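Structural overview
Residues per chain, in single letters:
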Amino acid sequence: MTLFGLDCAKKKERELERKLRANDREHNLSFRYATNAIKTSKYNAFTFLPLNLFEQFQRIANAYFLILLLLQVIPAISSLSWFTTVVPLVLVLSVTAAKDATDDINRHRSDNQVNNRKVTVLMDGELRSEKWMSVQVGDIIKLENNQFVTADLLLLSSSEPLNLVYIETAELDGETNLKVKQALTVTGDMGDKIHSLAAFNGEVRCEPPNNRLDRFTGTLTNAGQKYSLDNNKILLRGCTLRNTEWCFGLVLFGGPETKLMQNCGKTTFKRTSIDRLMNVLVLCIFGFLAFMCMILAIGNRIWEQRWGSEFTAFLPRQDGVDTPFSSFLTFWSYVIILNTVVPISLYVSVEVIRLGNSFYIDWDRKMYHARSDTPAKARTTTLNEELGQIKYIFSDKTGTLTQNIMIFNKCSINGKCYGDVFDYTGQRLEINEHTETVDWSFNPLADHQFSFHDHSLVEAVKLENVEVHSFFRTLALCHTVMAEEKTEGELLYQAQSPDEGALVTAARNFGFVFRSRTPESVTIVEMGKQRSYELLAILDFNNVRKRMSVIVRSPEGKLCLYCKGADTMVYERLDQSCTKLMDVTTEHLNEYAGEGLRTLALAYKDLDEEYFSRWKQRHHEASTALEDREDKLDLLYEEIEKDLVLLGATAIEDKLQDGVPQTIEQLAKADIKIWVLTGDKQETAENIGYSCNMLREEMNDIFIVSANNPDDVRQELRNVLSTMKPGAEEEAIFMPERTLGNKPKVVRDEEVNGEYGLVINGHSLAYALEHSMELLFLRTACLCKTVICCRVTPLQKAQVVELVKKYKQAVTLAIGDGANDVSMIKAAHIGVGISGQEGMQAVLSSDYSFAQFRFLERLLLVHGRWSYLRMCKFLRYFFYKNFTFTFVHFWYAFFCGFSAQTVYDEWFITLYNLVYTALPVLGMSLFDQDVNDMWSFQHPSLYVPGQLNQYFSKTAFFKCALHSVYSSVVLFFIPYAAMYDTVRDDGRDIADYQSFALLAQTCLVITVCIQLCLDMSYWTAVNQFFVWGSLAMYFAVTFSMYSNGTHITFPASFPFIGTARNSLNQPNVWLTILLTSILCVLPVVAYRFLLIQLRPTINDKVMFKVRQAKATPPLPARRARMRRTSSRRSGYAFSHAQGYGDLVTSNHFLRRPAITRSTAFTPLGRTTGFSPMGRSAGYSPTGNALNSRPQEVEVTSLQMYRMVRDSAF
């Protein structure tokens, strides 16, 4: 407990700074740091039973049945045997305990496997093999190639040049590209000398344990010198050592205190709206149960006062039991008898249904992405039916709607635009797969998968245009890409983002080849000549700067700063002499934006040697500061990035994923509102909105909110609201409160004439999300058909989702592919992760995952709708059959003197939910479907009833209860009347209690089976087997339990001897069963028939079409394709990730440089660079094939109509 319990928790709270000394266990143990053992299991052999039972009885239903069991052992109030409650309760508890035990055993195995791994530890001057669990903070350990990193380590030395190591972080962030770490020179000099490492006694002071994977702050004191430590010198547990023979590291954090384990916090438990409704209904049922028992207890008192004394001769009262006390005992007796209104098997059945529907998602081949070998995955089994009720979708753009595969498309250099192709008349030609591409044979180091069509840019490079050379030199130098050259001329690039990879590849093909880097230099091949630039500083990218710069010294000794970044950021720092060039370049940027391209501005600046020397000294002081290090560095960066000279701009295409426009169109038809939350520029996001058919020219208006202060944002939102709905501000916006409590008010849905779109940027959104303005923003946004929030941070994404969850009575879904989408995914009711180009963090945090956005259509319109429909049918039927079963007891009480006698045999009560009616309803809940998937796609409006909770709600529950009351009346009084004063064919009396009980329970089983058949829409062989098999099981078990042999063996437990064979051989009994079943079912059939004729639902209409078709519906016609252009401005957007600048300047590169190289331009074979396998100019970290053609967008039916209409005139 001291390791993982309260002591450890308290220690974490107190620890403000970690202090440790290398090779000194005694000193480090005084701080009581955690060892390297981990424990993810919950139980052990001694604690499993008490802890698991304690957890299970925290559920209201289980606790309720435990109380019933305790009541049943009191003879004075129990008229049922103990097994009627014990058997189902023990079964449910056992199934749940078995599941929990299996899960925990797997956790134990995983823990033992990890804790018992072997690692080499330096102890007492020699290397020993120890288990991971034995490693302590302050130990020095040795790792070898392909080994997992044991704990969070400070890298001391390695086998690689310059003390580098290469690691794979797939366990942490899902990224398989290698990353580089580098040790301090003072520790790297120790190498693998055991005596030096054993004598090392450096002291580390660093931050306490935390979950920040991207940063680390600390210092190392050794031999009186203090050295700065950052994240680039830390190896985190969970990483794998690659391409490194060996390395030594000092343990800083172990076991539960490592950053990996700190990030394994508890995920917020999500519950569906049906779960929440069920909790309310169960409480209402408890109240109704108490009400019925109160009525029957009062009836008992009245009966005892008036007629009870007449029976005392036959049934003498026990001593001390008078009429009031008898009434009190009767109340508790009926609590036991009527407990089946809340059947314990309900919760088990719900979990089985959810598990089955989750398997359908996992097994769906139509959601399998063959190119990436990625199937759909239901990562949770508790939210399936919620997929059928989605009203709002919050989507990322880059990598979710788009492929995150970047293609260098166009560029602007010194005011001239390159990338377009013109004919001899000067008319611009549309580029397609037949357009002639540039011949790269002049460049043996070119990536021949890169394609470009404008020959004039190559000519400018060959003519040694100064501005063009400077442009591509900037692209070749200003980056953090790592180069690998396994064989000469075969270059492979590892880039932190697809954008950067595409830009470096473009420079490579145009003659400026990034060849290799060391911590102090960057080597490039410029038009066949190898040149090495001294790398003096990298001014790294972050979300605030939105730019990066490098400072280099050329071979001629010239100091220069090269900068690339968002055009808005670069423009603010340009010299005044660039004004005219800025205007021309801005026009080109607008043109690129109209085509949906991501833009980036490039600039440079010559530096003075003396000024840079002073700046470099201040930079060193800031980089070694323990406090406010990042703020100090930012001020220095701002100081030097001034008076830049503009070179031009790049334009990169981020292609749309397959099927995105069609998916969005289908979801819109299902009345699902889609909000795009992206970090991209407003123009880029807006243009993608048009490409995806979210924004359309035929919309009434598209509003832009981009103010920079609260008052202006409020005014703009008010103007938008009044335009869409004049006088809306005076209207009431909240729904009337129906229940008591402190729940936030719900903003009602409003209708507006026409379709509108809203685009709001991050600055305005920050003000709009303030408490005083959030309702105005929400109301305005909800009136729009499409909402696009651009330049938003990950926190703002989550805030938008939380705002809609708080004030709208709707189910939300968030979908994204990157680490910046995790907060949004966790905040929504349903989180969907896409296995994309930005790692696996979104997938690991999601509830469902797949490879393409288009699969969301099938997930919601097919699996989600079916799951919701099945669950609702299950609940309606389950409550119906159990209410009907229970209410018969209620009516029988009026005929048995309120004596708490049961109307059924005790064994029937025990087996009713577990055997006789369990499988048919499970079969319906797992296999039923109103229409198949093709009809679901053709009629997306089938999804709308789920959003409105039409299939199961409080109203539907009340109707179900009324139906049960009617059925119970029929099931009791018809057999009662038929059996009253009735005799058998041979003249013997049949009107006994046991015969009536058998008749009533037989009528009940048959009636609920018929009702199930009426509810079933889709019959399979399994359903047939379950229904007929359950009926056969009922009769087989009944005849067996009522046989002579069973009674002789267990006379006290089976008193109904011979009842089955004596009653079920009488024609009048079967006639009564037939009459009762018809009377129960006939009103239901008549009601449904009239409802379909007078007020058919969308399901009824579509099912009628299905019956008319009598065949598989034809596939929808293929839509026409057209190229969409727009005048909207687009822009480049950086990912929400810190750059690799510090990594590079501290000797961090991904591969060792080749020893010898040839720089002559001699023809070589085709390279295998980092570009994808297709014929395009794109860059993809995973090497997916690309298409170099311009993005084509499938038009909607409305657009096709407009095209045909326009061509007619």
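- Named according to an unreviewed UniProt entry, the chain is Phospholipid-transporting ATPase originating from Oncorhynchus mykiss.
- Note on the chain: under the UniProt heading Sequence similarities (unreviewed entry), the record states "Belongs to the cation transport ATPase (P-type) (TC 3.A.3) family. Type IV subfamily."

1. With respect to the overall build of the chain
- Summing up its helical and strand segments, the chain has 41 helices and 38 strands in all.
- Entry remark: accessible area of the chain is about 52300 Å², with carbon and sulfur atoms responsible for 56%.

2. Quick word on the UniProt feature "binding site: Mg(2+)" (unreviewed entry) in the chain
- The sites that carry the UniProt feature "binding site: Mg(2+)" (unreviewed entry) are, in the present numbering, Asp396, Thr398, Asp817 and Asp821. A stretch of 426 residues holds the annotated residues, and the largest C-alpha distance among them is 10.7 Å, short enough that they meet in one place.
- On the secondary structure map, Asp817 appears in the loop between β33 (811-816) and α26 (822-827).
- On the accessibility criterion, Asp817 (0% relative accessible area) is buried.
- Structurally, the position occupied by Asp821 is in the loop between β33 and α26.

3. Re the sheet that holds strand β4 (residues 140-144)
- Across the sheet, 6 strands lie side by side as β3-β2-β4-β13-β5-β11; this open sheet has antiparallel pairing. Sheet topology places β3 (126-131) and β11 (234-235) at the edges, where each strand pairs with a single neighbour.
- As paired elements, β4 and strand β13 (residues 246-253) share 5 bridges and run antiparallel to each other. Within the sheet, the bridge partner assigned to Lys142 lies in β13 and is Phe248.

4. As for the nonpolar core
- In terms of nonpolar packing, the biggest core is built from 101 residues, with Tyr334, Phe874, Leu875, Phe879, Tyr904 and Phe908 touching the most fellow members.
- Once you skip the residues sitting within four places of it in the chain, Tyr904 turns out to touch Thr884, Phe885, Val888, His889, Ile909, Tyr993, Ala997, Ala1000, Gln1001 and Leu1004.
- Formed by 53 residues, the second largest nonpolar core is a distinct cluster that contains Phe450, Cys478, Phe512 and Met548.

5. Notes on the pairing of strand β34 (residues 830-834)
- Of all 5 residues that make up β34, 5 are buried, and the element is covered over most of its length.
- Burial along β34 is two-sided: Ile830, Val832 and Ile834 facing one way and Gly831 and Gly833 facing the other are all buried.
- As paired strands, β33 and β34 are joined by 4 bridges and run parallel to one another. Bridged to Gly816 within β34 is Gly833.
- As paired strands, β34 and strand β35 (residues 848-850) are joined by 3 bridges and run parallel to one another. Pairing of Ile834 across the sheet is with Phe850, part of β35.

6. Observations concerning unusual backbone geometry
- Positive phi values are uncommon outside glycine, yet Asn23 reaches one of about 60°.
- Tracing the chain through its elements places Asn23 in the loop between β1 (18-21) and α2 (25-29).
- Under the relative-accessibility criterion, Asn23 is labelled partly exposed at 31%.
- Located in the positive-phi region is Met527, a residue other than glycine, with phi close to 50°.
- By the element assignment, Met527 lies in the loop between β23 (521-526) and β24 (529-539).

7. What to know about a negative patch on the surface
- A cluster of acidic residues, Glu627, Asp628, Glu630 and Asp631, forms a negative patch on the protein surface.
- Considering the arrangement of structural elements, one finds Glu630 in helix α19 (residues 629-640).
- Using a relative accessible area of 49% as the deciding quantity, one classes Glu630 as partly exposed.

8. Quick word on the pairing of strand β5 (residues 152-158)
- Within β5, 7 of the 7 residues are buried, leaving the element largely enclosed by the surrounding structure.
- As paired elements, β5 and β13 share 6 bridges and run antiparallel to each other. Bridging across to β13, Leu154 finds its partner in Leu250.
- Bridge analysis of β5 against β11 gives 2 bridges, and the strand direction is antiparallel. Among the inter-strand pairings, Leu154 is bridged to a residue of β11, identified as Ile234.

9. Quick notes on the pattern of salt bridges
- Applying the stated rule across the entire model yields 43 salt bridges.
- Arg205 is the salt-bridge partner of Glu17, the closest N and O atoms lying 2.8 Å from each other. Remark: Arg205 occurs in strand β8 (residues 203-206) and Glu17 occurs in the loop between α1 (6-14) and β1; sequence separation between them is 188 residues.
- On the basis of relative accessibility, which here comes to 41%, the residue Arg205 falls in the partly exposed class.
- Put simply, Asp933 and Arg858 hold a salt bridge, and the shortest N to O gap is 3.1 Å. Of this pair, Asp933 sits in helix α31 (residues 933-938) while Arg858 sits in helix α28 (residues 855-893); the two residues are 75 residues apart in sequence, bridging distant segments of the chain.

10. A few points about the packing of helix α29 (residues 906-916) against helix α35 (residues 1021-1041)
- Between α29 and α35, whose axes approach to 11 Å, the crossing angle comes to 155°. Accordingly, the angle class assigned to the pair α29 and α35 is roughly antiparallel. Considering how the two elements wind past one another, α29 and α35 form a crossing that is right-handed. Two secondary-structure elements touch here, α29 through Trp907, Phe908, Leu911, Val915 and Tyr916 and α35 through Ser1030, Met1033, Tyr1034, Val1037, Thr1038 and Met1041.
- For the contact of α29 with α35, a count of residues per class yields 9 nonpolar, 2 polar and no charged.

11. Some details on the side chain of Thr902
- Mapped onto the fold, Thr902 is located in the loop between α28 and α29.
- For Thr902, a relative accessible area of 6% translates into the label buried.
- A polar contact is formed between the side chain of Thr902 and the backbone oxygen of Tyr904, at a distance of 3.1 Å.

12. A word on the packing of α28 against helix α33 (residues 954-979)
- The geometry of α28 relative to α33 is characterised by a closest axis approach of 7 Å and an angle of 45° between their N-to-C directions. Classified by the angle between their axes, α28 and α33 sit oblique to one another. Crossing hand, α28 versus α33: right-handed. Facing Arg876, Phe879, Tyr880, Phe883, Thr884, Phe887, Val888, Trp891 and Tyr892 of α28, the residues of α33 in contact are Phe957, Cys960, Ala961, His963, Ser964, Val965, Ser967, Ser968, Val969, Leu971, Phe972 and Phe973.
- Tallied by class, residues from the contact of α28 with α33 come to 15 nonpolar, 5 polar and 1 charged.

Conventions we followed
Residues numbered from 1 in each chain as written. Predicted model: local features only at pLDDT ≥ 70, side-chain atom pairs only at ≥ 80, totals over all residues. Heavy atoms only, no water. UniProt positions renumbered as here; feature names shortened; annotations may be inferred. Helix = DSSP H or I, 4+ residues; strand = E, 2+ residues; numbered from the N terminus. Areas by Shrake-Rupley, 256 points an atom, 1.4 Å probe, with all protein chains shown as cover. Buried < 20%, exposed > 50% of the residue type's maximum accessible area, 1.4 Å probe, protein only. Pairing = 2+ DSSP bridges. Core = buried A, V, L, I, M, F, W, Y, C linked by side-chain atoms within 4.5 Å. Contact = heavy atoms within 4.5 Å. Patch = residues over 30% accessible without salt bridge, like charges linked within 9 Å, V, L, I, M, F, W, Y side chains within 5 Å. Salt bridge = Lys/Arg side-chain N within 4 Å of Asp/Glu carboxyl O. Lys, Arg positive; Asp, Glu negative; His and termini not counted. Charge placed at Lys NZ, Arg CZ, Asp CG, Glu CD. Axes fitted to C-alpha atoms, helices over the stretch in contact; angles between N-to-C directions. Parallel < 35°, antiparallel > 145°, perpendicular 65-115°, else oblique. Left-handed = near helix turned anticlockwise from the far one by under 90°. Nonpolar A, V, L, I, M, F, W, Y, C, P; charged D, E, K, R; others polar. Polar contact = N/O pair within 3.5 Å; in protein donor to acceptor, adjacent residues only side chain to side chain.

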